[in-house]
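# Structure assessment
If you want the building blocks of each chain, they are given just below.
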Amino acid sequence: MHTAIKSTLEKAGFEVVDGFKKADGDEGNVLNRVLSQLRASTVYVGLLTKDIEIRDDTGHRWSPGVWVMEEKGMALGMGKPFVLVVHKDIHEDFWRKTAPHRIHVFFDDSDAYKHTREIVEAVQEHYQRVVLGAP
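Figured I'd write up the structure that's included with this text. Predicted, not measured: the structure shown is a model, and the values here were computed from it. (Residues numbered from 1 in each chain as written. Predicted model: local features only at pLDDT ≥ 70, side-chain atom pairs only at ≥ 80, totals over all residues. Heavy atoms only, no water.)

Across soluble globular proteins, you tend to see nonpolar side chains buried next to one another. Tyr44, Leu48 and Leu84 are the most contacted members of the largest nonpolar core, which has 15 residues in total. Elements represented by at least two residues in this core include exactly helix H2 (30-40), strand S1 (44-48), helix H3 (66-78) and strand S4 (82-87). If near-sequence neighbours (up to four positions away) are discounted, leucine 84 is found in contact with Tyr44, Gly46, Leu48, Lys72, Trp95, Ala99, Ile103, His104 and Val105. Phe14, Val43, Phe107 and Ala122 belong to the second-largest nonpolar core, a separate cluster that totals 13 residues. (Core = buried A, V, L, I, M, F, W, Y, C linked by side-chain atoms within 4.5 Å. Buried < 20%, exposed > 50% of the residue type's maximum accessible area, 1.4 Å probe, protein only. Helix = DSSP H or I, 4+ residues; strand = E, 2+ residues; numbered from the N terminus. Contact = heavy atoms within 4.5 Å.)

Set out below in structure tokens:
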């Protein structure tokens, strides 16, 4: 899914960076690298995929990976506009409590790649608002 989103955004004319791409001044530190990339970005896209299973009295759900939650918090703290791409089995506490007002794109294992256009449109909407001053 990550590759499809990245490819579709690049085809739409966006530069896509992530925490794996070396950043000036990151000193080989992952946190510094992620912070640097976030500061330089216009829109944050968080991909919340199933990582850790959670079992409770309602059954079982999933939490996303730790790093994406850290990144989401950093993006919120920086006031970055963002789009969360959320697997339908992710427990809602991982996105609803801190970002209910943000754009979310939901997917499941059978339709993940069908949503790439929707993701690009959401990013374009944020980009136009931030960079071009569109309402």
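Attention now goes to the packing of aromatic side chains. Summed over all chains, the structure comprises 3 aromatic pairs. Aromatic pair phenylalanine 14 and tyrosine 127: ring centres 5.5 Å apart, planes at 85°, arrangement edge-to-face. Taken together, the positions of phenylalanine 14 in the loop between helix H1 (2-11) and H2 and tyrosine 127 in helix H4 (residues 116-131) put the pair 113 residues apart, joining distant regions of the chain. Given the relative accessible area of 17%, phenylalanine 14 is considered buried. You can call tyrosine 127 partly exposed: its relative accessible area is 31%. (Phe/Tyr/Trp six-rings, centres within 6.5 Å; stacked < 30°, edge-to-face > 60°.)

Strand order across the open sheet formed by 3 strands is S1-S4-S5, with parallel pairing between neighbours. Both edges of this open sheet fall to S1 and strand S5 (103-107), since each of them pairs with a single strand only. Direction aside, neighbouring strands of the sheet carry axes that sit 15° apart on average. When S4 meets S5, the two strands line up parallel, connected through 5 bridges. By the bridge assignment for S5, valine 83 is matched with isoleucine 103. (Pairing = 2+ DSSP bridges. Axes fitted to C-alpha atoms, helices over the stretch in contact; angles between N-to-C directions.)

A few words on the side chain of threonine 116. As for its placement among the helices and strands, threonine 116 is situated in helix H4. Apart from residues lying up to four places away in sequence, threonine 116 is in contact with Ala4, Ile5 and Thr8.

Attention shifts here to the pattern of salt bridges. Under the criterion given, the structure shown has 8 salt bridges. Salt-bridge contacts for aspartate 89 lead to lysine 50; the nearest nitrogen and oxygen are separated by 3.9 Å. Of this pair, aspartate 89 sits in the loop between S4 and S5 while lysine 50 sits in the loop between S1 and strand S2 (52-56); the two residues are 39 residues apart in sequence, bridging distant segments of the chain. Since its relative accessible area comes to 22%, aspartate 89 is described here as partly exposed. Across the pair arginine 117 and glutamate 121 runs a salt bridge, and its minimum N-O distance is 3.8 Å. Here arginine 117 pairs with glutamate 121, and both are found in helix H4, just 4 residues apart, close to one helical turn. You can call arginine 117 partly exposed: its relative accessible area is 41%. Through salt bridges with shared partners, one network takes in Lys50, Lys88, Asp89 and Asp109. (Salt bridge = Lys/Arg side-chain N within 4 Å of Asp/Glu carboxyl O.)

Attention now moves to the pairing of S1. Side chains Tyr44, Gly46 and Leu48 of S1 all project onto a buried face; the interleaved residues Val45 and Leu47 project onto a face where none is buried. Both S1 and S4 contribute to a ladder of 5 bridges, which runs parallel. Residue tyrosine 44 lies in a different strand from S4, and its bridge partner there is phenylalanine 82.

Moving on to the environment of aspartate 93. Here aspartate 93 lies in the loop between S4 and S5. Residue classification places aspartate 93 among the partly exposed positions, given a relative accessible area of 37%. Expressed as a C-alpha distance, the spacing of aspartate 93 and phenylalanine 107, which sit 14 residues apart in the sequence, is 17 Å.

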